Amino acid sequence: MDKKLLRDALDLLSREQPAQLEMELDGETVREIVELLQSYPISYARKLTVLACSMLIYSAISKHLDLSAEDDRALSRGILNGDYLFGLYHRLAADRNEWKLLVHLSLFNKRMQLALVEGQNSRQVLFAFLKSEIKSYLDRYSA
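Residues numbered from 1 in each chain as written. Predicted model: local features only at pLDDT ≥ 70, side-chain atom pairs only at ≥ 80, totals over all residues. Heavy atoms only, no water.

> Looking at this structure, I do not really get the nonpolar core. What am I missing?
In globular proteins that are soluble, nonpolar side chains generally tend to be buried together. Membership of the largest hydrophobic core comes to 42 residues, with the highest contact counts inside it found for L37, L51, I57, I61, Y89 and L138. Listed by contribution, the elements that provide at least two residues to this core are α1 (3-16), α2 (27-38), α3 (44-65), α4 (72-95), α5 (99-117) and α6 (123-141). Per-element accounting of this core gives the leading share, twelve residues, to α3. Excluding residues within four positions of it along the chain, L37 makes contact with L5, I42, K47, V50, L51 and L138. (Core = buried A, V, L, I, M, F, W, Y, C linked by side-chain atoms within 4.5 Å. Buried < 20%, exposed > 50% of the residue type's maximum accessible area, 1.4 Å probe, protein only. Helix = DSSP H or I, 4+ residues; strand = E, 2+ residues; numbered from the N terminus. Contact = heavy atoms within 4.5 Å.)

This is the structure in structure tokens:
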């Protein structure tokens, strides 16, 4: 795995995220996305942006998966935290001029929200959707 790319993505996210919000990342998930990115002939800057956006989306989905209706305060915080991370993804992609990524993954975001409403709340299934969308984006726009 390209540890420099991962370090740079984490540095980028720490600069982009003014609030102290804990991101939820799975090492295996990140490794798979890094390996996927390394298999495409795109610039390092684009790989960095796609990885950072993927990490934000994964964390946002994880926040929404962890919602519990038992505690109103925790429920509100979880929704706001997840939405905040989705907002950071939008800002990051726009700031780095990755408009096609923004549009492509915005459609994915809506499908994920619908899947969550329909009870499809497996992290593995949702990650598989995310990885598939990243691959689809790279296949379409890596040239």
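> How should I be thinking about unusual backbone geometry in this particular structure?
Keep in mind that most residues, glycine aside, have a negative phi and that most peptide bonds are trans. In this structure, N97 is a non-glycine residue whose phi angle is positive, near 60°. The residue N97 is located in the loop between α4 and α5 in this model. The exposure class of N97 is exposed, given its relative accessible area of 57%.

> Teacher, can you tell me more about the environment of I79 here?
Inspection of the secondary structure puts I79 in helix α4. The class of I79 is partly exposed, set by a relative accessible area of 34%. Between the C-alpha atom of I79 and that of K63, which follows or precedes it by 16 residues, the distance is 7.2 Å.

> Quick question: what am I supposed to make of the side chain of K47 here?
Mapped onto the elements of the fold, K47 is located in helix α3. With relative accessibility at 11%, the residue K47 sits in the buried group.

> Would you explain the packing of α3 against α4 in this entry?
In a pair of packed helices, the angle between the axes and the distance between the axes together describe the arrangement. Their axes nearest at 8 Å, the elements α3 and α4 cross at an angle of 165°. One way to sum up the angle between α3 and α4 is to call them roughly antiparallel. Between α3 and α4 the crossing geometry is left-handed. Contact residues: A52, C53, L56, I57, S59, A60, I61, K63 and H64 in α3; G78, I79, N81, G82, D83, L85, F86, L88, Y89, L92 and A93 in α4. Tallied by class, the residues present in the contact of α3 with α4 amount to 13 nonpolar, five polar and two charged. (Axes fitted to C-alpha atoms, helices over the stretch in contact; angles between N-to-C directions. Parallel < 35°, antiparallel > 145°, perpendicular 65-115°, else oblique. Left-handed = near helix turned anticlockwise from the far one by under 90°. Nonpolar A, V, L, I, M, F, W, Y, C, P; charged D, E, K, R; others polar.)

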